[in-house]
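Now for the letters of each chain:
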Amino acid sequence: MKLLSTAIALGVGAATAAGLSLLSGYLTKGDLTDGTYLPEVSVHKARKVVVKNGKVTHAEWEGVFEGSKELENMSFKQFDKCRIQWKVDQNQSTFLANKKCSGVLTERGKHSARMLGLIKSNDISKKVNPNLEKYVESGIKKGRRGDLEGAIKEFDKALDINPKSFNAYYNRALANIRLGNINEAIKDLSKAIDINPDDSDAYYNRGVMHQKSRNYKGALADFTSSIKIRPTDDAYNNRGVLKNLMGDYKGALSDFKKGIRINPDDEYLYVGKGNSNLYLRRYKDAIQDLNVALKINPNSVRAYINLGISYKSLGRLEEAIIQYSKAIRINPNIARAYLNRGIAKSELFKYEDAISDFNEGIKIKPDFTDLWTSRGIAKKKSGDLKGAIKDYDQALNLNPKDTASLTNRCSAKYSLGQAKEALSDCNKAIHINPNIAMAYRNICAIKNSTGNHQDAILNCMKAIKLEPNDALSYYNLGTSKINSGNIKSGIKDLDEAIRINPKFGSFYNNRAIALLRLKRLKDACKDLKIAESLKYKPVIEFLKTNKGEWCNNMKLEEVR
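Cut-offs applied
- Residues numbered from 1 in each chain as written.
- Predicted model: local features only at pLDDT ≥ 70, side-chain atom pairs only at ≥ 80, totals over all residues.
- Heavy atoms only, no water.
- Helix = DSSP H or I, 4+ residues; strand = E, 2+ residues; numbered from the N terminus.
- Buried < 20%, exposed > 50% of the residue type's maximum accessible area, 1.4 Å probe, protein only.
- Areas by Shrake-Rupley, 256 points an atom, 1.4 Å probe, with all protein chains shown as cover.
- Contact = heavy atoms within 4.5 Å.
- Phe/Tyr/Trp six-rings, centres within 6.5 Å; stacked < 30°, edge-to-face > 60°.
- pLDDT = per-residue confidence, 0-100.

Caption draft 1: Region of the structure containing the overall build of the protein chain. Of the regular secondary structure elements, the protein chain holds 29 helices and 5 strands. Evaluated residue by residue, the protein chain yields a buried proportion of 49% over its 560 residues. By element, 49% of the accessible surface of the protein chain is carried by carbon and sulfur atoms, the whole surface being about 28,000 Å².

In structure tokens form, the structure reads like this:
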């Protein structure tokens with residue numbers, strides 16, 4: 001009895017965390033030239049700054065009125081209409097606010113205003129050492145020019161003057177982030193938070209750093225703190241991504257929905273929401289979310305990839321391939337897109353095309369274990385068992401604990417008659433992870449072929465316990481029982497295998513053999529005819545011989 005194995009469907013990761021918020025420091029008067037400044041080059045969280053004749057004539061940003069009770073329940077659009085008017089003359093800087101938006105200027109807002117020359121130093125409640133601000137401003141300028149090491153030295157000087165300078169710690173953290181110094185950035189952000197525990201952005205950015213260092217609990221706590229102080233779409237998005245990683249899919253879904261209410265035009269929120277629905281197996285909802293993301297950004301590669309996963313999960317393989325192909329056209333350097341498209345093609349029996357996709361993926365990312373494993377599966381299905389084993393070997397060189405490659409190599413070795421080596425691979429896989437149904441199913445088939453039918457039956461039962469709807473496990477179980485002499489019970493297991501998947505000719509072949517042993521010729525012949533219609537070669541050849549004449553000579557009404 002030959003061992004049958006199925007390809008392992010390899011999952012695809014979902015979306016990554018959103019990037020850091022745009023916090024590049026503050027503008028100084030020396031930076032100002034005529035024109036309109038947008039968020040990426042202007043004051044912290046600025047929406048617009050207008051400069052004429054080297055002076056600020058108008059500025060508006062969110063966050064200046066934090067703490068104002070009048071604004072707590074304002075919608076985002078209402079808040080957007082709340083404008084701060086700055087007017088500057090040659091002798092004095094004065095602050096005038098729209099009366100409808102009367103509120104309290106936060107310390108961060110005061111600092112921004114002073115840095116712009118709109119409020120004098122003595123107008124701030126706490127007088128600041130001018131050298132301190134000089135070093136902070138110098139550090140910000142050096143950071144903008146890309147001299148991050150120089151920027152850090154300037155912030156160090158500022159901290160020598162005042163070891164409790166929030167702005168020095170905060171901006172030094174940003175420089176460390178850009179340098180990839182995650183631990184140093186976390187330390188600086190922690191110092192900044194100790195000084196000002198009400199700054200939402202410090203918590204947000206520390207959360208991003210914790211997430212990068214895989215401290216998910218710390219990241220979750222920081223995003224939650226950031227949201228409590230000031231809910232933003234970025235914070236909800238990152239917390240949602242994190243909850244997906246931690247398996248809290250419903251919690252993630254809730255976060256993405258809240259983020260969308262704040263910013264309904266953010267593609268990442270819809271991609272994240274689609275991922276949550278994917279994990280929850282709400283594939284139609286996922287497709288709807290991802291299509292919204294693509295309306296916002298028709299070039300969203302991650303949306304196309306996840307849309308492909310959604311269609312594949314619904315069994316719509318051709319549509320899945322179309323989505324993966326769109327992702328590849330936009331960015332032909334994403335190995336995972338080739339992996340997913342190759343798997344879909346393999347399931348459509350297009351093995352050569354699948355192998356071609358896996359080859360492209362390997363060129364891009366040769367250390368991607370899943371590509372080697374998947375190419376091995378496709379080669380095995382196409383009959384290239386030795387080539388499959390070589391690919392599994394390469395996958396295991398990259399990751400000796402890759403249970404998918406061990407289990408599939410077990411199957412390929414058994415098909416080559418290497419039962420002992422095959423058994424060793426499947427046992428290794430179970431030692432790493434005792435919940436792999438395919439490994440138990442393969443051991444069942446190996447034990448059955450060596451005459452150890454009782455061990456075979458026990459292993460098949462373990463496989464079925466792990467995957468109650470696996471047709472091949474019932475097939476192997478039934479075959480093992482029949483070989484052990486328990487024919488009637490074996491037929492029942494084969495009945496179940498056929499109920500789950502009625503398209504395997506071998507299932508009908510083995511049931512026919514069992515029925516013949518019980519002298520149920522008509523039922524056996526019926527199964528042989530079904531196997532023949534499914535183009536199962538051993539049965540086709542059998543019915544051509546003299547031994548198959550008895551079935552061919554049966555009248556059609558007798559077989560029905």
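Caption draft 2: Representation of the environment of Ala 235. On the secondary structure map, Ala 235 appears in helix H9 (residues 233-245). Residues Ala 235 and Thr 224, spaced 11 residues apart in sequence, show a C-alpha to C-alpha distance of 8.1 Å. What Ala 235 contacts, discounting residues up to four positions off in sequence, is Tyr 204, Phe 223, Ser 226 and Ile 227.

Caption draft 3: The arrangement of the packing of aromatic side chains in detail. One pass over the full model with this rule turns up 6 aromatic pairs. With centroids separated by 5.8 Å and ring planes inclined at 55 degrees, the aromatic side chains of Tyr 204 and Phe 223 adopt a geometry described as tilted. Highlighted residues: Tyr 204 in helix H7 (residues 200-212) and Phe 223 in helix H8 (residues 216-229), separated in sequence by 19 residues. With a relative accessible area of 0%, Phe 223 lands in the buried category. Between Phe 504 and Phe 507, the ring centres sit 4.9 Å apart and the planes meet at 35 degrees, which makes this aromatic pair tilted. You can call Phe 504 partly exposed: its relative accessible area is 30%. Classification of Phe 507 as buried rests on a relative accessible area of 0%.

Caption draft 4: Main features of the confidence of the model for the protein chain. Mean pLDDT over the protein chain stands at 81; residues scoring 70 or higher make up 76%. Predicted confidence is poor over residues 1-49, with pLDDT under 50, and the contacts of this stretch with residues over four places away or in other chains come to 162 contacts. Residue range residues 56-127 is modelled with pLDDT below 50. Its contacts to residues more than four positions away, or to other chains, number 124 contacts.

Caption draft 5: View of unusual backbone geometry. Phi is positive for Arg 281, close to 65 degrees, though the residue is something other than glycine. If you trace the backbone, Arg 281 turns up in the loop between helix H11 (267-279) and helix H12 (283-296).

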